Amino acid sequence: MTAPTGPMARHTARLRWVLAFTRLGLASERLVRAFWPLWTLGFVVLASLLMGLQDMLQLEALWAAAVVSVLLGLWLLVRGLLRVRWPSRADALARLDETLPGRPVQALMDAPAMGAQDPATQALWQAHQTRMAQKAAEAVPPKPDWRIAALDPYGLRFVAAIFLSVALLFGSFGRLSSLSDITNSPIAPSIVGASWEGWVEPPSYTGLPTLYLNDQPEGALQVPVNSRVILRLYGEIGALTVQETVSARVGELPSSAGAAQDFQLRQNGTLEIAGPNGRAWQVDLVPDAVPEIRVTGVATVSGRGEMSLPFEARDDYDLLGGTAEVALNLDQLDRRYGLAADPEPRDPISLMLPLPVSGPRDVFEETLIEDFSDHVWAHLPVTLTLQIEDAAGQKSQPTEVTLDLPARRFFDPLANALIEQRRDLLWSRDNAPRVAQILRAVSHRPDDTQFRKETDYLRLRMILRRLETQTGLGLKPPQRDEIAQDLWDLAVAIEDGDLDDALARMQRAQERLSEAMKNGASDQEIAQLMQELREATQDYMRQLAQQQRENQDQNQQASRDQQEMMELSQDDLQSMMDRIQELMEQGRMAEAQQALQEFQEMMENMQVAQGGEGGESPGQQAMNELGETLREQQGLSDQAFRELQEQFNPNAQAGQSQDNEGRNGGEGRGQAHDGTGGQGNAEGEGGGESGEGLEGALADQQQALRQELNRQSQSLPGQGTPEGDAAREALGRAGEAMDQAEDALRQNELAEAIDRQAEAMNALREGMRNLGEALAQNEQDGGEGTQQGAITPSQDPLGRNPGTTGRVGSDEQLLQGEDVYRRARDLLDEIRKRSGETERPEQERNYLRRLLDRF
């Protein structure tokens, strides 16, 4: 655009200040575009100096970086000067005109192309010029355009700006003073002269103090290997140098005249500081000894099955940790029966060795304690390898111990057989048909087998069915492991038992002790079994004493007969059991067995003498039978609920569901809450075998329970009284609900069956409550006599007195204070959480919602 001339120049003269600022804006744009690399470099150099980079670099590297920075800055300066051009007035007019609507500046500079002599044309042109001049007079300087993103696609200017901001926040301008020291040191004489300082830091795990080299005389210097040497050289650069052959460093090495030097001692050699006041040493490194570990005793096993293996570890400084690895020793294995098949590959068992919690760790004795009872290698020959590691990373020579893997021993023959078959199944899945055949033989005649509870037999039959079914479909490792876990749980339940009767517990303890004598149990196992026998015997004696006091109040003749029978005091029993344990500890098993037999005969005589005394009233018997029926109905409802979950959760273990802990409910004579206890078991088992699937078995059990309730209703006391009639009516409703539940089970409608079972249980509770009121009224009237005592059932498996309100459980509080409400809140929160989980089946969530509505 040409500059305006002639008459139009007076219009542009009014814009001279606007044009001046516009030219300045154009100049700033060109300066930014030409010199942005230069100020980016300046930001980086200044930030590096503020952060003290010059103090961390070697002198040679620092000078090299300075030269490169200066040369690069000069080149960028020259490059910018060559590219920058000062904007002209025409450039400013063009930029200003671009920002105005209608381009008025250009219009003021134009002239009419034709009609210059025509007055009308001249008048029109003059009006146009006047309007353009008015618009031009309103012009303001445009904003400069400093955007250079196209020139800096990687955003280097922003990186430099951030770096400088960080340096300004965390750096210091005081670090710039070190530049003067560096530039002046080659030419300025040292004020204090050349000097040095040095330290030797032993590894931290040695616990040794740091050595100050200035205090160490020349000559031999003994320090631990891997010690760290720190040297500081002061004065003129090059006046002092470090010469050494102890670091074993290779490749590019730092300058020997560097002011700060740091390296580790790797080998024997010399260390010299050459120059004024220098010193030299012959370094002799003390090697780190290899740690040692050894076994100090034989492996023992506790009564719970935990192995204990004492060992001793030793090192010159500090031990960091150790491992124990258990591997199967096939060469020492007796490959017979279930172990004849090739074992499935299993990784060795890896354990961490225990270390002292406090105190030194250079020399210590500890005991490795681990429970291998549920492992497939339990009681099989294994090789146990111990290895320890010190803080320097050195490992000891492996220490191997060959032994039979200690684990829990099962003295009950049935439990021991189940554990053996579980081991064979885990050994190889090819043993599954053989294991199923043996389990079927074991459970063929339950009356002749040592099944103390019918639920144990039913659980074994359920495991057997699953094993045979999965074997036919191709047994997979997950299903195999689930069956093995069920066998373990059943064996532990049979071995430990949950007998709530003192006599049964005592007999159980005697049988286990007798089996331990025959099988050669260890001293610890015998001591534990003897303690169980002592506790069970004391409980039985207390029960006898309590029964005797009750019977003396009821029958004086029985009291005289009781005084004539053989009496054993607690001291006599204690002496007999001490004698049995002493004989076993001395290895005189035959005499100990004979003494145990005599002890059993005496206790049986006491049992016979106590038998037949006392008795329950018809009211007490009716309440006990109804309570048992209620507990069995509760167990059957629990099992139906679990089966409902399994229908929609096939990945859960048989008889279990997610977040459902175990199968044992702990009610109903200590039996499982699976609805198979009590009177209905005998018929329910047959029905389960012949029905169609598990639902048919549950329906048969429900039918048997209904028949038992009918029998109890026919002999119910209190007939003719309002309370007795109310009890019969409630039991009638319970029977109808049981019939409906049976029909729902046969139609595989588990949710409906669970609702009807809940109605049956509510009706049973109401009937028991009415019956209790009738019996209480009868006692007040003298109907049953006050000599019978309480009419409530006997104690439950937890030792509580059941309540008289017809509820399953007890009126006694197991938790006191806030724990009761906290536990209730926890249960309600868990039910609410499960009811809101959308991945659960709709039927299960509906059932959980009904539970929330009820409570």
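Look a little higher up for the structure.
The following refers to the structure shown. Computed from a prediction, not measured in an experiment: that's the story for all the values here.

Time to look at the pattern of salt bridges. As enumerated under the stated definition, the model contains 28 salt bridges in all. With a shortest N-O distance of 2.3 Å, D262 and R228 are connected by a salt bridge. Here R228 lies in strand β4 (residues 228-234) and D262 lies in strand β6 (residues 260-264), a separation of 34 residues in the sequence. Given the relative accessible area of 37%, D262 is considered partly exposed. Linking E830 and R834 is a salt bridge whose minimum nitrogen-to-oxygen distance equals 3.0 Å. Residue E830 and its partner R834 are both found in helix α24 (residues 818-835); the two are separated by 4 residues, about one turn of the helix. Judged by its relative accessible area of 27%, E830 falls in the partly exposed class. Residue R834 is classed as buried on the basis of its relative accessible area, which comes to 12%. Taken together, the shared-partner salt bridges in this structure form one network comprising E344, R429, R480 and D481.

Pairing in this open sheet of 4 strands is antiparallel, and the strands run β13-β12-β15-β16 from one edge to the other. Edge positions in the sheet fall to β13 (349-352) and β16 (399-404), since each of these pairs with one other strand and no more. Pairs of neighbouring strands in the sheet enclose a mean axial angle of 20°, with direction left out of account. In the sheet, strand β12 (residues 319-328) pairs with β13 via 4 bridges, with the strands oriented antiparallel. Of the residues in β13, the one forming a bridge with E325 is S350.

Below, the discussion takes up the packing of helix α2 (residues 16-50) against helix α8 (residues 156-170). As a packed pair, α2 and α8 sit with axes 8 Å apart at the nearest point and diverge in direction by 25°. Overall, the two elements α2 and α8 adopt an arrangement that is roughly parallel. The element α2 and its partner α8 pack so that their crossing is left-handed. Note on element contacts: α8 touches α2 through L156, R157, A160, A161, F163, L164, A167 and L168, opposite W39, T40, F43, V44, L46, A47, S48 and L50.

With that out of the way, let us pick up the environment of P345. Relative to the assigned elements, P345 resides in the loop between β12 and β13. What makes P345 exposed here is its relative accessible area of 81%. Residues P345 and W427 lie 82 residues apart in sequence; the distance between their C-alpha atoms is 9.1 Å.

Looking now at the nonpolar core. Grouped together as the largest cluster of nonpolar side chains are 29 residues, with contacts concentrated most on V326, L353, L368, W377, L384 and L386. For this core, the secondary structure elements donating two or more residues are β11 (306-314), β12, β13, β14 (363-371), β15 (381-390), β16 and α10 (413-427). Setting aside anything within four residues of it in sequence, one finds V326 in contact with P348, I349, F372, W377, V382, T383, L384 and L405.

On to a nonpolar patch on the surface, then. Taken together, V44, M51, I162, F163, V166, L169 and F170 make up a surface patch of nonpolar side chains, about 670 Å² in accessible area. With respect to the secondary-structure elements, I162 resides in helix α8. Residue I162 is classed as exposed on the basis of its relative accessible area, which comes to 55%.

Criteria and cut-off values
- Residues numbered from 1 in each chain as written.
- Predicted model: local features only at pLDDT ≥ 70, side-chain atom pairs only at ≥ 80, totals over all residues.
- Heavy atoms only, no water.
- Salt bridge = Lys/Arg side-chain N within 4 Å of Asp/Glu carboxyl O.
- Helix = DSSP H or I, 4+ residues; strand = E, 2+ residues; numbered from the N terminus.
- Buried < 20%, exposed > 50% of the residue type's maximum accessible area, 1.4 Å probe, protein only.
- Pairing = 2+ DSSP bridges.
- Axes fitted to C-alpha atoms, helices over the stretch in contact; angles between N-to-C directions.
- Parallel < 35°, antiparallel > 145°, perpendicular 65-115°, else oblique.
- Left-handed = near helix turned anticlockwise from the far one by under 90°.
- Contact = heavy atoms within 4.5 Å.
- Core = buried A, V, L, I, M, F, W, Y, C linked by side-chain atoms within 4.5 Å.
- Patch = residues over 30% accessible without salt bridge, like charges linked within 9 Å, V, L, I, M, F, W, Y side chains within 5 Å.
- Areas by Shrake-Rupley, 256 points an atom, 1.4 Å probe, with all protein chains shown as cover.

None of the figures reported here should be taken as evidence of function without further support.
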